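Each chain, letter by letter, is given below.
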Amino acid sequence: MRVGVLTFHRCINYGSYWQARCLVEAIAARGHDAVLLDHQSCEVTSREWRYAFQPLTPQRSSRADVAQYGRKLRKFVQAFETLPLSAPFDLDAPEAMPPVDLAVIGSDEVLNLSHPWYGGKPVFWGEGIAAPRVVTYAASFGNYAADFVEPQWAERLRDLDAISVRDDNSFGLVEGTTGAEPAMVLDPVLLNPPKVEAVHEAPYILVYGHHIPDWFAARVQDAARARGLRTLSVGYRNDWADEQRLDAGPQDFAALVAGAEAVATTYFHGCCFALVNGKPLVCAPSDYRWTKVRDLTALLGAERHLTFEDRDPADVGALLAEPVSEAVRARIAELRAQSEDWLDAALAGRA
């Protein structure tokens, strides 16, 4: 079949890029002609790129950091062009979308009505898609906090042919809206992990995130010093870290995680990449991403990897030296098999 994946594939964000690539490659590996449906929008691109240069808003990036963020952006644009893309179409005019036999919406926060620039775009709810069947794979409402879905969106959800989600928040919203339980599946990075060669550098703890709480930063740095390791911040400036790698592209990011001694993050996909690489992991909550990391760790039985300010400060050091447990690895393997079964059924029209 010609299968189109509709997701956030042009975000300047490591997780967004890799979840899109991992899903389209997983579908192609099953013998289908899989493409990313290449929606474009000048408004969205402008907002995405402004954020890429000023990710620590309201704090302004220095001129030197802007130059590094520019190199990072160019690496992303080059990576986008290597993806299997459909003919482009306007995000707000999906009737121009090339027809496909099956459209797969997701993964990522495709159902997040409060997303700062994609929220409320009808195409991510199936509106105007030129396909006889439309399903979701690992769709998420992200941090959408309402306990209901408004009627116009609820109707679109009920019109989808099959729904799978990646987190408990989305599960509850879909079940409450449609009256049916969606399937729970893994994010594409956990389903079909990237195959990259690790970087070989002096040992380091990888730091991934921005606006990292001061208490967490101090504990990560203390743990690194106690072990004689440096801290390397990837993608965003964290002044407390020993080294900034602001210009890392998507491939650089994956290789840096693979080569790290451990990972400290506030990001959902920071957790995913650490777990699939078997790296010691510690994650702290953040306002925007708390729902996602809470549900991910609960799904995988990895709650131990979350830490909080009121915990013993030594907890961070212990987690940064503690390999991923066999129980968590087994849970990922179990859910991967279930997710593969569901994807196979959706591609065959049985889901």
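Scope of this entry: the structure provided in the associated data block. (Residues numbered from 1 in each chain as written. Predicted model: local features only at pLDDT ≥ 70, side-chain atom pairs only at ≥ 80, totals over all residues. Heavy atoms only, no water.)

### Details of the overall build of the protein
Within the protein one finds 12 helices and 13 strands. C-alpha atoms of the protein, sized along the principal axes, occupy 60 × 45 × 40 Å. Residue pairs at least 24 apart in sequence account for 74% of intrachain contacts in the protein once pairs closer than 6 positions are excluded. When the accessible surface of the protein is totalled, it reaches about 13,900 Å², and 50% of it is carbon and sulfur. (Helix = DSSP H or I, 4+ residues; strand = E, 2+ residues; numbered from the N terminus. Contact = heavy atoms within 4.5 Å. Areas by Shrake-Rupley, 256 points an atom, 1.4 Å probe, with all protein chains shown as cover.)

### A closer look at the pattern of salt bridges
Scanning the entire structure with this criterion turns up 25 salt bridges. For glutamate 43, the salt bridge identified is with arginine 47, shortest N-O distance 4.0 Å. Here glutamate 43 and its partner arginine 47 are both found in helix α2 (residues 42–53), 4 residues apart, which amounts to about one turn of the helix. With a relative accessible area of 30%, arginine 47 lands in the partly exposed category. A salt bridge links aspartate 65 to arginine 237; the shortest N-O distance between them is 2.5 Å. Of the two residues, aspartate 65 sits in helix α3 (residues 63–81) while arginine 237 sits in the loop between β10 (230–234) and β11 (243–245), which places them 172 residues apart along the sequence. On the basis of relative accessibility, which here comes to 5%, the residue aspartate 65 falls in the buried class. (Salt bridge = Lys/Arg side-chain N within 4 Å of Asp/Glu carboxyl O. Buried < 20%, exposed > 50% of the residue type's maximum accessible area, 1.4 Å probe, protein only.)

### Side note on the sheet that holds strand β9 (residues 204–208)
The 5 strands are arranged β11-β10-β9-β12-β13 in an open sheet whose pairing can be described as parallel. Edge positions in the open sheet fall to β11 and β13 (281–283), since each of these has one partner strand only. This sheet shows a mean twist of 20° between the axes of neighbouring strands, independent of strand direction. Pairing between β10 and β11: 3 bridges, direction parallel. For leucine 232, the partnering residue across the bridge sits in β11 and is glutamate 243. (Pairing = 2+ DSSP bridges. Axes fitted to C-alpha atoms, helices over the stretch in contact; angles between N-to-C directions.)

### Some remarks on the state of the cysteines
Applying the stated criterion across every chain yields a total of 0 disulfides. The cysteine cysteine 283 is free of any disulfide, with cysteine 271 supplying the nearest cysteine sulfur at 3.6 Å. (Disulfide = S-S within 2.5 Å.)

### Focus on the nonpolar core
Ile27, Val104, Tyr137, Leu206, Val234, Leu300 and Trp342 are the most contacted members of the largest nonpolar core, which totals 68 residues. Core analysis: the next-biggest nonpolar cluster, separate from the first, contains 34 residues, Leu6, Ala103, Val110 and Tyr118 among them. (Core = buried A, V, L, I, M, F, W, Y, C linked by side-chain atoms within 4.5 Å.)

### Notes on the layout of surface pockets
Estimated volume of the largest pocket: approximately 480 Å³. As for the largest pocket, its lining consists of 22 residues, and the residues nearest its centre are Asn13, Tyr51, His115, Tyr288 and Arg289. Looking at the lining of the largest pocket, the elements with two or more residues in it are α1 (14–28), α2 and α9 (268–276). Per-class residue counts for the lining of the largest pocket are 10 nonpolar, 6 polar and 6 charged. (1 Å grid on protein atoms, 1.4 Å probe; cavity = no way out; pocket = protein on both sides within 12 Å on 5 of 7 lines; lining within 4 Å. Points joined across faces, edges and corners; volume = space filled by probe spheres on them. Nonpolar A, V, L, I, M, F, W, Y, C, P; charged D, E, K, R; others polar.)

### Considerations on unusual backbone geometry
Excluding glycine, residues mostly have negative phi values, and the peptide bonds linking residues are mostly trans. In this structure, proline 58 follows threonine 57 across a cis peptide bond, with omega equal to 10°. Counting through the fold element by element, proline 58 comes out in the loop between α2 and α3. Of the consecutive residues glycine 106 and serine 107, the connecting peptide bond is found in the cis state with omega at 10°. With phi around 55°, alanine 138 is a residue other than glycine that occupies positive phi space. With respect to the secondary-structure elements, alanine 138 resides in the loop between β6 (133–136) and α4 (151–159).

### Section: the packing of aromatic side chains
For the structure shown, the criterion picks out 23 aromatic pairs. Between phenylalanine 253 and phenylalanine 273, the aromatic rings sit 5.1 Å apart at their centres with planes inclined by 75°, giving edge-to-face as the arrangement. Taken together, the residues span a long stretch of sequence, with phenylalanine 253 in helix α8 (residues 250–259) and phenylalanine 273 in helix α9 at a distance of 20 residues. Considered together, phenylalanine 253 and phenylalanine 273 belong to a single accessibility category, that of buried residues. Summarising the aromatic geometry, the rings of tryptophan 290 and phenylalanine 308 are spaced 5.8 Å apart at their centres and angled 80° between planes, so their arrangement reads as edge-to-face. Residue tryptophan 290 is located in helix α10 (residues 290–299), and its partner phenylalanine 308 is located in the loop between α10 and α11 (314–319); the two are separated by 18 residues in the primary sequence. Take phenylalanine 308: its relative accessible area is 24%, and that puts it in the partly exposed class. Against the face of tyrosine 236 rests lysine 72, its NZ or CZ located 4.3 Å from the ring centre. Of note, arginine 156 hangs over the ring of tryptophan 153, and the distance from its end group to the ring centre comes to 4.9 Å. (Phe/Tyr/Trp six-rings, centres within 6.5 Å; stacked < 30°, edge-to-face > 60°. Lys NZ or Arg CZ within 6 Å of the ring centre and 35° of its normal.)

### What about the packing of α1 against α8?
The N-to-C vectors of α1 and α8 enclose an angle of 95°; their axes lie 10 Å apart at closest approach. Looking at the two axes, α1 sits roughly perpendicular to α8. Taking contact as the criterion, the partners of Tyr14, Tyr17, Trp18 and Arg21 in α1 are, on α8, Pro250, Gln251, Phe253 and Ala254. (Parallel < 35°, antiparallel > 145°, perpendicular 65-115°, else oblique.)

### Digging into the sheet that holds strand β1 (residues 2–6)
Pairing in this open sheet of 4 strands is parallel, and the strands run β2-β1-β5-β6 from one edge to the other. The open sheet is flanked by β2 (33–36) and β6, the only strands paired with a single partner. Between one strand and the next, the sheet's axes are offset by a mean angle of 25°, whatever the strand orientation. Bridge analysis of β1 against strand β5 (residues 102–105) gives 4 bridges, and the strand direction is parallel. Following the sheet pairing, leucine 6 is matched in β5 by isoleucine 105. Along the sheet, α1 contacts β1, β2 and β5; its crossing angle with β2, the most-contacted strand, is approximately 165°.

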